[in-house]
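For reference, the chains in residue letters:
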Amino acid sequence: MISEQFETVIIETDLLIVGGGMAACGAAFEAAHWAKQHKLKVCLVDKAAMERSGAVAMGLSAINLYLGLKEGKNTISDYINYVKTDLMGIARDDLVANIARHVDSTVHLFEKWGLPIWKDEEGKYVNEGRWQIMIHGESYKSIVSEAAKNALKELGEDGQYFERVFITEPIMNGDRCVGAAGFSVRENKFYIFKAKSVLDVMGGAVHVFRPRSVGEGLGRSWYPPFNSGAGSYFTLKAGAEMTCQEVRFVPVRFKDSYGPVGAWFLLFKAKATNAKGEDYMETRAAELEKWAPYGTAKPTPANLRNYLMMLEVEAGNGPIYMRTDEAIRELVANIPDEKQAKRKLKELESEAWEDFLDMTVSQALNWAAHNIMPEETPSEIAACEPYFISSHSGASGAWISGPADLSPEGYHWGYTNMTTIKGLFAAGDASGASSHKFSSGSFTEGRIAAKSALAFCADNPGTVSFTEDQIEALKTRILQPLQTFEEHKNYANDEDVNPNFIKPKMFMFRLQKIMDEYAGGASVGFKTSEKLMEKGLEFLQYMHEDSDKLAAKDLNELMRCWENIHRLWQADAHIRTMLFREETRWPGYYFRTDFPEMKGDWKCFANCRWNPETTEWEMTKREIKELTNK
Ligand code: SFD
Ligand code: AMP
């Protein structure tokens, strides 16, 4: 038996942080402070190396959430309005407010730790847009993770972190989450983490849908392909209620290399046009009225900006261009002095390149490879494949408890950021309905959640236990793909074609094809309907059955097998919730051809839960409520 070749390592802790990204780093940093006071243990587990793991791996060129509360720049209620409007009325005010009131202090910490933030002549942060500030952020994740690791190290034996350990499953004791199981992706070690509380910060999900980049370009995506749905799988599998599983995010990005557009729209004030040079945000403005009050608000919600662009593409008016050349020309046009104008031009050119070199290096390579000089040549932009991420302009994640002082009735059940499962907390991309938290807000939410999860540990000091049988069953099941491969590998001489098993890559392709064609992917113009989704769900059921036959030839493929099981569960929750919501609320993200309009009675959350006892899915509507203390 393969499992006999794996050592079982059992780690006991009080707080277990699963994930090593922005929210996890915030959690570790904050937890270290409170753990010291209460003499509690903290342990963090990341599938990768924290220095460059998660969405900020490559770095970023802006911090997209900074309110400037002390400077009097914005108020918390301004931010709530912005977020809620951008999400077409669907957001948890209490969660958004809780992050917003603490986020500025997080940004100040980043600066203290050495993150270079752009400053103007008066020493003030340079804003990209109203909420976004510019950074020289190539080393953003290294800086933040170093602070998190140092904080854990200060706890001595009570602070631990594991890298390159992939978490597959939550471990339950009745209705309480008491740990997690996983394996090393480098050595034959099977891990069991026992904990009094568990914080799920394993990010969002990429490659659930067939990506635009296929073949030679496979692996290129806007969000990191290594965020593969563990965040939502973990809470779903524990039986937690989930929210906004239908609210995918379809970002518009520079075509093929996925360079973000924010700096161009907000900092450089560029326009996007169709091939004829028409600004579709102006020529198609009338369409926005159909989606009032959100469509007529400013700024136009992200999904509607997408939608107007998609209408252009459908009308055959592509390619769509970001007019980088015109924007740069405009920015130097009013400088009368020729020398100064030249200097400014050079400055803008270098800012344009740095934007991508800081966070999406391949976009800079793409420009170089295609002889594109942004000051001379416009660049194509396009709507990407859908992503599951609640920290940007999507909203999917766990339904969590809000803070006692702000949350209306029904939104608060004890510990802030706890899911509906006892002892299981979520933050960042793993918690839902609090969009636009971005890197700084995710770190902040991690801090909030860790503090609360440690309070749970202090209030529940009894040791948690589970049986040897439970551990052995998990070990056998988690390592099964290695066993399956070993048993059947000699049947055929091509590993990818074997009637006894399916390799993870093929499994992923199959999932992506189903999602693309039946659940409104890029190749069908993001459109779907009841009949299509029912068919898609039928196919997903076969995939669940086939997942027992996944096979892995090594540890890396074992990780790939589990990543794709995680993606499959995310896919399932997504289709079911789109099907449940009988309206179109986010055209530009997805469009239901059978219910093409937004409806008043659907101004609510669409929540779902996989019930571990019955193995059935339960769908619920939840009311949108405002803050108790404004
Ligand atoms: O330009 C397991 N983001 C931006 N945020 C900003 O503030 N400014 C920007 O400029 C942003 N832009 C941007 C952004 C992201 C990307 C990829 C690009 C551009 C190209 C968004 C933020 O990055 C994002 O909001 C936060 O990072 C979210 O934080 P968090 O913690 O929820 O997710 P994470 O950082 O990706 O971390 C996930 C961690 O989980 C680990 N993990 N560990 C163990 N077992 C498993 N099974 C696991 N599965 C995953 C990961 O390794 C990682 O450590 S712009 O587009 O707007
Ligand atoms: P992006 O690069 O698209 O991820 O955007 C970065 C930030 O800028 C996010 O906060 C977006 O919501 C915001 N943003 C991007 N484009 C626009 C736009 N055209 N109008 C208003 N906000 C935008």
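Thresholds applied
Every chain's residues receive numbers from 1 upward, in the order its sequence appears when written. Going through the entries in the order they are written, you letter the chains from A and number the ligands from 1. Where totals are concerned, whole chains, interfaces and linings use all residues; where local detail is concerned, this predicted model gives features only for residues with pLDDT of at least 70, and gives and counts side-chain atom pairs only at 80 or more. Each side-chain value is derived from all of the structure's non-hydrogen atoms; neither hydrogens nor water enter the calculation. Here a helix means four or more residues in a row that DSSP labels H or I, a strand means two or more in a row labelled E, and each is numbered from the N terminus. Given a helix with a known number of residues, its expected span is that number minus one, times 1.5 Å. Note on bend: at a given residue it equals the angle between the axes fitted to the 7 residues ending there and to the 7 starting there. Buried means the residue's accessible area, taken with a 1.4 Å probe over protein chains only, is under 20% of the maximum for its type, while exposed means over 50%, and partly exposed covers the values in between. Boundary definitions for the domains trace back to an automatic or database domain assignment. Put simply, buried area is the surface a 1.4 Å probe can reach on two separate parts but cannot reach once they are joined, added for both. By convention in these notes, a salt bridge is any Lys or Arg side-chain nitrogen within 4 Å of a carboxyl oxygen on Asp or Glu. For this analysis, a polar contact is any N or O atom pair within 3.5 Å, provided that within protein one partner can donate a hydrogen and the other can accept it, and provided that sequence-adjacent residues contribute only side-chain to side-chain pairs. Disulfide: a pair of cysteine sulfur atoms within 2.5 Å of each other. Whether two strands pair comes down to DSSP finding at least two bridges between them. The contact rule is simple, with two residues in contact once any of their heavy atoms fall within 4.5 Å. To count toward a patch, a residue needs a relative accessible area over 30% and no salt bridge; like charges are then connected within 9 Å, while nonpolar side chains (Val, Leu, Ile, Met, Phe, Trp, Tyr) are connected within 5 Å. Using a 1.4 Å probe, accessible areas were evaluated by the Shrake-Rupley method; residue-level cover was limited to the displayed protein chains. When at least one non-hydrogen atom of a residue lies within 4 Å of a molecule or strand, that residue is treated as near it. The residue classification treats Ala, Val, Leu, Ile, Met, Phe, Trp, Tyr, Cys and Pro as nonpolar and Asp, Glu, Lys and Arg as charged. All others, Gly included, are polar.

Draft legend 1. Spotlight on helix H3 (residues 93-112). Here H3 contains 20 residues, and its C-alpha end-to-end distance of 30 Å stays within 8% of the 28 Å for a straight helix at 1.5 Å per residue. At Val103, H3 shows its strongest bend, of approximately 40 degrees. Across the 20 residues of H3, 14 count as buried, placing the element largely inside the fold. A positive phi of about 115 degrees marks Gly114, the residue just after H3.

Draft legend 2. Main features of the domain arrangement of the chain. Entries for the chain in the domain assignment read domain 1 (253-383) and domain 2 (477-622). Between domain 1 and domain 2, the C-alpha centre-to-centre distance is 34 Å. Contact between domain 1 and domain 2 buries roughly 960 Å² in total, counting both sides, with carbon and sulfur atoms accounting for 65%. On inspection of domain 1 and its partner domain 2, the count reaches one salt bridge. Across the pair Lys527 and Glu314 runs a salt bridge whose closest N-O atoms are separated by 2.8 Å. Where domain 1 meets domain 2, there are three residue pairs in polar contact (both at pLDDT 80 or more).

Draft legend 3. Seen up close, the state of the cysteines. Counting across every chain of the model gives zero disulfides. Left unpaired, Cys604 is separated from the closest cysteine sulfur, that of Cys244, by 10.0 Å.

Draft legend 4. Looking closely at the pairing of strand S10 (residues 197-200). Where burial is concerned, the two faces of S10 agree: the one with Ser197 and Leu199 and the one with Val198 and Asp200 are both buried. With three bridges connecting them, S10 and strand S17 (residues 424-426) associate as parallel partners. From the neighbouring strand, Leu199 faces S17, where its bridge partner is Phe425.

Draft legend 5. Here's a closer look at the side chain of His436. Mapped onto the elements, His436 comes out in the loop between S17 and helix H13 (438-459). If we ignore the near neighbours within four places in the chain, the residues touching His436 are Leu65, Tyr79, Tyr82, Val83, Asp86, Leu87, Ser390, Ser391, His392 and Ser393.

Draft legend 6. Fine view of a nonpolar patch on the surface. A contiguous nonpolar patch, built from Met58, Leu357, Val361 and Leu365 and spanning about 330 Å² of accessible area, is present on the exposed surface. Relative to the assigned elements, Leu365 resides in helix H12 (residues 361-369).

Draft legend 7. Quick look at the site of ligand 1. Ligand 1 sits among 38 residues. The nearest are Asp46, Ala62, Asn227, Ser391 and Ser439. One nitrogen or oxygen atom from the main chain of Gly20 is found 3.0 Å from an oxygen atom belonging to ligand 1. Summarising the interface, the protein chains cover 97% of the accessible area of ligand 1, which totals 1,100 Å² for the free molecule. Put simply, the parts of the chain that give the shell around ligand 1 at least two residues each are helix H1 (22-38), strand S4 (60-63), strand S7 (165-173) and H13.

Draft legend 8. Quick peek at the site of ligand 2. Around ligand 2 there are 14 residues in total, and Gln132, Arg253, Gly262, Leu266 and His392 lie nearest to it. Residue Tyr82 places a side-chain N or O atom 3.4 Å away from an oxygen atom belonging to ligand 2. In the environment of ligand 2, an oxygen atom lies 2.7 Å from a nitrogen or oxygen atom belonging to the side chain of His392. Burial of ligand 2 by the surrounding chains reaches 87%, relative to a free accessible area of 480 Å². Among the elements that make up the shell around ligand 2, the one with the highest residue count is helix H6 (residues 262-267) (three residues). Of the residues that constitute the shell around ligand 2, the class distribution is seven nonpolar, five polar and two charged.

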